[in-house]
Amino acid sequence: MSTGTYRDKERDKATQMRDAPRGETLLQASRQKDDGDKGGKDAGTAVITRTKVATKKPAMYRVLLLNDDYTPMEFVTHVLQKYFQKALEEATRIMLHVHQNGVGECGIYTFEVAETKVTQVMDFSRKHQQPLQCIMEKK
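Cut-off values and rules
Residues numbered from 1 in each chain as written. Predicted model: local features only at pLDDT ≥ 70, side-chain atom pairs only at ≥ 80, totals over all residues. Heavy atoms only, no water. Axes fitted to C-alpha atoms, helices over the stretch in contact; angles between N-to-C directions. Helix = DSSP H or I, 4+ residues; strand = E, 2+ residues; numbered from the N terminus. Parallel < 35°, antiparallel > 145°, perpendicular 65-115°, else oblique. Left-handed = near helix turned anticlockwise from the far one by under 90°. Contact = heavy atoms within 4.5 Å. Nonpolar A, V, L, I, M, F, W, Y, C, P; charged D, E, K, R; others polar. Buried < 20%, exposed > 50% of the residue type's maximum accessible area, 1.4 Å probe, protein only. Pairing = 2+ DSSP bridges. Salt bridge = Lys/Arg side-chain N within 4 Å of Asp/Glu carboxyl O.

Enquirer: Explain the packing of helix α3 (residues 73-84) against helix α4 (residues 88-101) to me, please; I cannot follow it from the model alone.
Expert: Where α3 contacts α4, the axes come no closer than 9 Å and their chain directions differ by 125°. Relative to α4, the element α3 lies oblique. The chirality of how α3 crosses α4 is right-handed. Contacts between α3 and α4 involve Met73, Val76, Thr77, Leu80 and Gln81 on the former and, on the latter, Leu88, Ala91, Thr92, Ile94, Met95 and His99. Considered class by class, the residues forming the contact of α3 with α4 number seven nonpolar, four polar and no charged.

Enquirer: Looking at this structure, I do not really get the side chain of Thr71. What am I missing?
Expert: Note on placement: Thr71 falls in the loop between β1 (60-66) and α3. On the basis of relative accessibility, which here comes to 12%, the residue Thr71 falls in the buried class. Setting aside anything within four residues of it in sequence, one finds Thr71 in contact with Val76, Gln130, Pro131 and Leu132.

Enquirer: Explain the sheet that holds strand β3 (residues 133-138) to me, please; I cannot follow it from the model alone.
Expert: Hydrogen bonding along the main chain pairs the strands of a sheet, whether they run parallel or antiparallel. Ordered in space as β2-β1-β3, the three strands form an open sheet in which the pairing is antiparallel. One side of each edge strand has no neighbouring strand; the edge strands of this open sheet are β2 (103-110) and β3. Taken over all neighbouring pairs, the strand axes of this sheet differ in orientation by 25° on average, direction set aside. Across the sheet, α4 lies against β1 and β2, angled at about 125° from β2, the strand it touches most.

Enquirer: I would appreciate a short explanation of the pattern of salt bridges in the present structure.
Expert: Side-chain pairs of opposite charge can arise where the charged atoms are in close proximity. Under the criterion given, the structure shown has four salt bridges. A salt bridge links Glu137 to Arg62; its shortest N-O distance comes to 2.9 Å. Residue Glu137 is found in strand β3, and its partner Arg62 is found in strand β1; the two are separated by 75 residues along the sequence. Under the relative-accessibility criterion, Arg62 is labelled partly exposed at 26%. Residue Glu90 pairs with Lys86 through a salt bridge whose shortest N-O separation is 3.7 Å. Taking the relative accessible area as the measure of exposure, Glu90 reaches 31% and is therefore partly exposed.

That's the geometry; what it means functionally is another story.
Laid out in structure tokens, this is it:
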């Protein structure tokens, strides 16, 4: 025994349409039928609630260069200019900071951007046979 075929459903719709009062659609008839339970005061009204989506700022990551004894200062300055869009003076200042303190911050970015920059710097360093290390850490 089936729970209802397409033909059965169509027959039920036709029966409901036939039994509905003249000039009334099936939807209106079903609303009145449902409103009979409520007393008919809220005919056709509904309350729609919207959930407010709470967004938060993405976590930021610092991209850092680490000092080593073999990478030339000019190469570090070139990397800062090429991948971090630093002016020559700022790139030189960061490079000297890395040289004197062992580590220097190149910039602060979202995770994806920071990860991309670290990968680009590391690939560029390996391609030019330099041991320059670039890392990222959560701010």
